[in-house]
Every structure is written in C-alpha cells, then in structure tokens.
Amino acid sequence: MQFPQKHSATGTTIFTVMSALAQQYDAINLSQGFPDFPIDEGLAKLLYDAAKGNYNQYSPMPGLPMLRQAISKNFKRRYGLDVDSDAEITVTPGATYAIYAAFTAVLQAGDEVIVLEPAYDSYIPNIEMNGAKAVPVPLSAPDYSVDWRKVEQAITPKTKAIIVNTPHNPTGAIWQKDDWDALADLVRDTDIVIVSDEVYEQLVFDGEQHYSVLQHEELRARSFAIYSFGKVFNNTGWKIGYCIAPPEFTRAFRQVHQFMAFAVNTPAQYALAQHLGNEANAPVHIMMQQKRDYFLELIRQTPFTIHEAALGSYFQVASYERISDMPDMEFAQWLTKEYGVATIPVSAFYKDKKDDKIIRFCFAKKEETIKSAIERLSGLRAL
Ligand SMILES: Cc1ncc(COP(=O)(O)O)c(C=O)c1O
C-alpha cells in the first residue's frame, strides 16, 4: 500500500528519539517538556469525584459549560478581559489539536503561513497537512527577538496566517507589547489570520508579564489564541486545552472540531473547571521560577554558556560552544550516552535543521532530578 506523504517531517520526532535514547542509556531525561512531579492532590481527587459521579458521558461539543465559564472568569480576573464563554471558547483535546483545527479552519491549498523559527515541531506538518506552505522566518539569536523587517519581506499575497508563540518553546523568550504592535502594523491592511500559541502564558519569570494577543484589541479580532491546561496544572498527559477566538472564527473552528474529536474527556473537564474556579490554588509560575533559578545556578557552574536566562516557558537553551564543535544532533546524543543526560538539539526546531550549537533543557523537574543531572555534567571540561 502506498500512503500519500502529507507533510515534510518524515521519520520519528526528535522527542521520541531522545526519550528512547534516554531510556536505553538510563539517562536523566531533560529532553521532553513535561513535569516529573505529581499533580496537585486536590485536582487528582476531583478527577476521581467526576468519574465516581455523573460526569462520564459526552460533553457538549464546545466543552462543558462550567469549564468554559471558569475559563472566562479566569481571563477576567487575570487580564481584565471579557471572553464570551458560549461564543468564543472551545475546549479541545490539547493545544496541538487546537492549532491544527485553527489551521484547518482557515487554510486552503496553496496558502502560505509564516512560522517564526525555531518553532514547536507540530506547526509545519500541520500547515502542510492542509495543503498549505510553511514560510520560515528565523528569530534573531541570542535573545530570539523578532526581526520585523524579515517578517515583512516574507509576506506575499498568498500569506493566509502567521503563527506566533509566546512564551516561546524552545528559547524561553517572551513578547513585549511592542511586538504585538509591530505585528498589527504589518497585517493591518491584509486578511492575515494570527494563530497565537500561548500555552506557557502562566510561566513567566522575573516579574515580567505575559502579553496575550487577546489584550491587543485590533489583533484579537483576527486571532485564534490557544492554551493548554497541561502547562498550567502540570498534567500534560490529560491533553486538554482550549481555543479563544472571535465568534465568527469560533464558528469556523467548531466546524472542524465537531468532525474531528467532537467532544473532550468529560471527567477531566469537570475536574479542571472546579480546580480553575478555586482562586486559592497556588500560581504555577512561582514554583517554576524556583526551578529555573535552581537550574541556572547549577548549569552556570558547568562549561555550558547561557546567553539569556529564559523569561518564560519551562525551557532553557544553552550553547556548548566551549565544550565541543560537534553538530548539535550528534552532541545531544553523545551527551546522553556519555554523560547520561538527555536534551533536545535546537536544530530540530528549524525546517532546514539550522545548527547554532545550542541544546534545550527542560527544567520542569524535581529539584533532585535537576541536581543529579548537573552532577552528571560536572565532568564536562571546556575545550
Ligand atoms: C509551544 C507549544 N505549543 C503546544 C504544545 C502542546 O500542548 P498540548 O500538550 O496541550 O497539546 C506544547 C507542548 O510541549 C508546546 O511547547
């Protein structure tokens, strides 16, 4: 049987490769982005309560009303924004799915989508699976800021969408209000749609704040904003996210969603609604900032170079320019085999595999995991 090739990212993803290698060499896995500590006990209990109670059948297609209302209240409380829980919020099986559904709602064969690279690895395959073409625009190292001139040059009459991501995976960079203003200037007289991946919105450090596309009135009118509970409540395996978009956009999004997943895991939606509604729950960024600070303190004692501390997400990129001149893919594998620490080579986040000799660490780990990993790296020597 010949299957059609739906996208250009053939082969196994680097996350699977590195996790398998980590297992094979009994390495500490700082590669894939997921917490290695337990979730809040209250949240786990709520899931049990939901399954024991009457929350085991299909939820309404847009999501449980109580969850959409809790999300709406949360956005009012944290951003002062009004979000209509009926017309503007759709609960999805994770953010990756929501990004795919948003692209499917707007793209037609031959359209172009601008992707700022390095980029989360699902974007380009998702664009290509819709018959559209990804147009990569590189961010500027070492702070991974956006070169707006390059974005402007990449816009053509075929540009249908731009996908942006703040806080940013893999670099930990965050957008300021100016970035949104610059984007608004570029798209003002076009029909370009913005897909704004904000899954790490609650993981912002050093007193900085997350600017959402939803806070930019002009851009909000043309945007899908995408979120993931996995990153907020440390339960990535629940795979529940949501999309906030203007009513017309939400209608188009649901046209896709109702024939893909239709509805999302009901007991988990119930548990999340109750948990989100409880304002006493500790904000996740405090705990994650402690982890970032601890990781930075220890990694700075090794020959890795940190050009910029991550201001958001749960990733820190580091250069190994003082350790080796191997290509990053080779270096990451060597580090796993020889030093027992698995990371992700940042070239994996570029379509053309651009290699800046940088690897990504995930610091959403128990203190003891971070400590053991850095102990293993303490034998590294500068060239
Ligand atoms: C930038 C970015 N977007 C989306 C996702 C996926 O979120 P979900 O697990 O809810 O699909 C991730 C997960 O790593 C991510 O880093």
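Predicted model, so just to flag it, every value in this text is computed and none were measured.

Calculation criteria
Note on numbering: residues in each chain are counted from 1, in written sequence order. At least 70 in pLDDT is required for a residue's local features to be given in this predicted model, at least 80 for side-chain atom pairs to be given and counted, and no such filter applies to totals for whole chains, interfaces and linings, which use all residues. Going along the chain from the N terminus, every DSSP run of H or I of four or more residues is numbered as a helix, and every run of E of two or more is numbered as a strand. Three exposure classes are used, all based on how many other C-beta atoms lie within 10 Å of a residue's own C-beta (placed from the backbone): buried at 20 or more, exposed at 12 or fewer, and partly exposed between those limits. Each residue is represented by a C-beta atom placed from its backbone, and any two residues with such atoms within 7 Å are regarded as in contact. Using a C-beta atom placed from the backbone for every residue, we mark a residue as near a molecule or strand if that atom lies within 6 Å of it. Think of it as three bins: nonpolar holds Ala, Val, Leu, Ile, Met, Phe, Trp, Tyr, Cys and Pro, charged holds Asp, Glu, Lys and Arg, and polar takes everything else, Gly as well. We call two strands paired when DSSP finds no fewer than two bridges between them. The axes are straight lines fitted to the C-alpha atoms, using for helices just the contacting stretch, and the angles between their N-to-C directions are given from 0 to 180°. By convention in this section, buried Ala, Val, Leu, Ile, Met, Phe, Trp, Tyr and Cys residues joined through C-beta atoms within 7 Å make up a nonpolar core.

(A) Structural view of the environment of Val346. Among the secondary structure elements, Val346 is positioned in the loop between strand S11 (344-345) and strand S12 (358-362). With 28 C-beta atoms counted inside 10 Å, the residue Val346 sits in the buried group. The spacing of Val346 and Leu298 is 48 residues in sequence and 21 Å in space, taken between C-alpha atoms. Among residues more than four places away in sequence, those in contact with Val346 are Pro118, Pro170, Val317, Asp328, Asp356, Ile358, Ile359 and Arg360.

(B) Expanded view of the site of the ligand. Around the ligand there are 14 residues in total, and Gly94, Ala95, Thr96, Asn169 and Ser228 lie nearest to it. Residues of the shell around the ligand, tallied by class, amount to three nonpolar, nine polar and two charged.

(C) Geometry of the sheet that holds strand S3 (residues 112-117). Strands sit in the order S2-S8-S7-S6-S5-S3-S4 across an open sheet of seven strands; the sheet is mixed. Taken across any chain shown, the strands that pair with only one partner, and hence form the sheet edges, are strand S2 (89-92) and strand S4 (133-138). Between one strand and the next, the sheet's axes are offset by a mean angle of 20 degrees, whatever the strand orientation. Alignment of S3 against S4, held across six bridges, turns out to be parallel. Counted as the bridge partner of Glu117 is Pro138 from S4. In the packing of helix H3 (residues 65-79) onto the sheet, the strands contacted are S2 and strand S8 (241-244), and the crossing angle to S2 comes to about 120 degrees.

(D) Representation of the nonpolar core in the model. Counting residues in hydrophobic clusters, the biggest one holds 118 residues, and the most contacted among them are Ala102, Val195 and Ile226. The element best represented in this core is helix H4 (residues 95-106), accounting for ten residues. Among residues more than four places away in sequence, those in contact with Ala102 are Val195, Phe224, Ile226, Cys243 and Phe253.

(E) Structural context of the sheet that holds S12. Taken together, the three strands give an open sheet; going across it, the order is S9-S12-S11, and neighbouring strands pair in antiparallel fashion. Of all strands in the sheet, those bounded by a partner on one side alone are strand S9 (315-319) and S11. In this structure, S9 lies alongside S12, joined through five bridges in antiparallel fashion. Bridge pairing in S12 links Gln316 to Phe361.

(F) Highlighting the pairing of S8. Alternating residues of S8 divide into Gly241 and Cys243 and Tyr242 and Ile244, and every residue in both groups is buried. Pairing analysis gives four bridges linking S2 to S8, with the strands arranged antiparallel. Following the sheet pairing, Thr92 is matched in S8 by Gly241. Here four bridges tie strand S7 (residues 223-228) to S8, and the two strands are oriented antiparallel to one another. Paired with Ser228 across the strands is Gly241, a residue of S8.

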